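Chain by chain, the residues run as shown.
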Amino acid sequence: MKKIKRGIQKVKMIAYKETSHQPIDNLWSFCGAFIGIAAIGLIQQYFYHLDREDQLFLIGAFGASSVLLFSASNSPLAQPRNTLFGGILSAIVGVLTYKVFYMEEHIWLSPALSVALAILVMQYTKTLHPPGGAIALIANIGSDEIKEMGFFYVFNPIFTGLMVLLVVALLFNNISKNRIYPYRNVEIRKLKYFEKLFLWNIKN
């Protein structure tokens, strides 16, 4: 019984250590994600009719991108190149797959193929961004409105939405003394806010 209790304590300690963050960093994650998604929603509100069946700009994949951009901003999968090009390439793959392979009698084919091909394309182009799989999938299983958009889906909502999230990530992640975005292997605490913003073009 004692061994079991010790085992549980160790698991709790390891889990807490792996998931704990500085409270101030959690606050910036909250603010960044909130403002990023809210900004995309405002674009939907002011430039598109709200009586549409689908909130075209607020796709689920942007929620997943927000998790990476604002709570794991040092991850290679969250860097601007991966986020933007991984999303765009996945959208193109998703639309192409739907146009070429969609069949009502085999409705599973194009969704499965779109995700698998999107992963393959991102791997070969070194732009792996996990929400890309969802972006490709949505092009195949989304509402009729999304499917009818065709390649316009690549521009709106994908390109526009990802650019909004990237700008917000750039502005908010660099406020924290513990972060720099895009990530660079430098002494972060020695840098001022504007130094971080314009350090993106400096190699490690």
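Residues numbered from 1 in each chain as written. Predicted model: local features only at pLDDT ≥ 70, side-chain atom pairs only at ≥ 80, totals over all residues. Heavy atoms only, no water.

(A) Focus on the environment of F151. On the secondary structure map, F151 appears in the loop between α7 (144–149) and α8 (152–173). Of the residues examined, F151 reaches a relative accessible area of 41% and is grouped as partly exposed. For F151 and I92, which are 59 residues apart along the polypeptide, the C-alpha to C-alpha distance reads 7.0 Å. With residues near it in sequence (within four places) discarded, F151 still touches I92, V95, L96 and K99. (Helix = DSSP H or I, 4+ residues; strand = E, 2+ residues; numbered from the N terminus. Buried < 20%, exposed > 50% of the residue type's maximum accessible area, 1.4 Å probe, protein only. Contact = heavy atoms within 4.5 Å.)

(B) Molecular detail of helix α3 (residues 60–71). Taking 1.5 Å of rise per residue, the twelve residues of α3 would be expected to cover 16 Å, and the 17 Å separating its terminal C-alpha atoms lies within 8% of that figure. Residues of α3 that are buried include every one of A61, F62, S65, S66, L68, L69 and F70, and no others. Check the buried side of α3 and you find it contacts α2 (23–47), α4 (80–101), α6 (131–141) and α8. (Expected span 1.5 Å × (residues − 1).)

(C) Quick peek at the packing of aromatic side chains. According to the stated counting rule, one finds six aromatic pairs in the structure shown. Where Y98 meets Y102, the ring centres are 4.9 Å apart and the plane angle is 35 degrees; that geometry is what we call tilted. Taking relative accessible area as the criterion, Y102 reaches 29% and is therefore assigned partly exposed. What links up through ring pairs into an aromatic cluster is the set F152, F155 and F159. (Phe/Tyr/Trp six-rings, centres within 6.5 Å; stacked < 30°, edge-to-face > 60°.)

(D) The arrangement of the pattern of salt bridges in detail. Inspection of the entire model under this criterion finds one salt bridge. Measuring nitrogen to oxygen at the nearest pair gives 4.0 Å for the salt bridge that ties R179 to D25. Taken together, the positions of R179 in the loop between α8 and α9 (193–197) and D25 in helix α2 put the pair 154 residues apart, joining distant regions of the chain. Taking relative accessible area as the criterion, D25 reaches 8% and is therefore assigned buried. (Salt bridge = Lys/Arg side-chain N within 4 Å of Asp/Glu carboxyl O.)

(E) Fine view of the packing of helix α5 (residues 109–125) against α6. Between α5 and α6, the shortest axis-to-axis distance is 8 Å and the interhelical angle comes to 150 degrees. Between α5 and α6, the angle is such that the two are roughly antiparallel. Crossing hand, α5 versus α6: right-handed. Along the contact surface, α5 presents S110, P111, S114, V115, A118 and M122, while α6 presents G132, G133, A136, L137, N140 and I141. Of the residues that constitute the contact of α5 with α6, the class distribution is seven nonpolar, five polar and no charged. (Axes fitted to C-alpha atoms, helices over the stretch in contact; angles between N-to-C directions. Parallel < 35°, antiparallel > 145°, perpendicular 65-115°, else oblique. Left-handed = near helix turned anticlockwise from the far one by under 90°. Nonpolar A, V, L, I, M, F, W, Y, C, P; charged D, E, K, R; others polar.)

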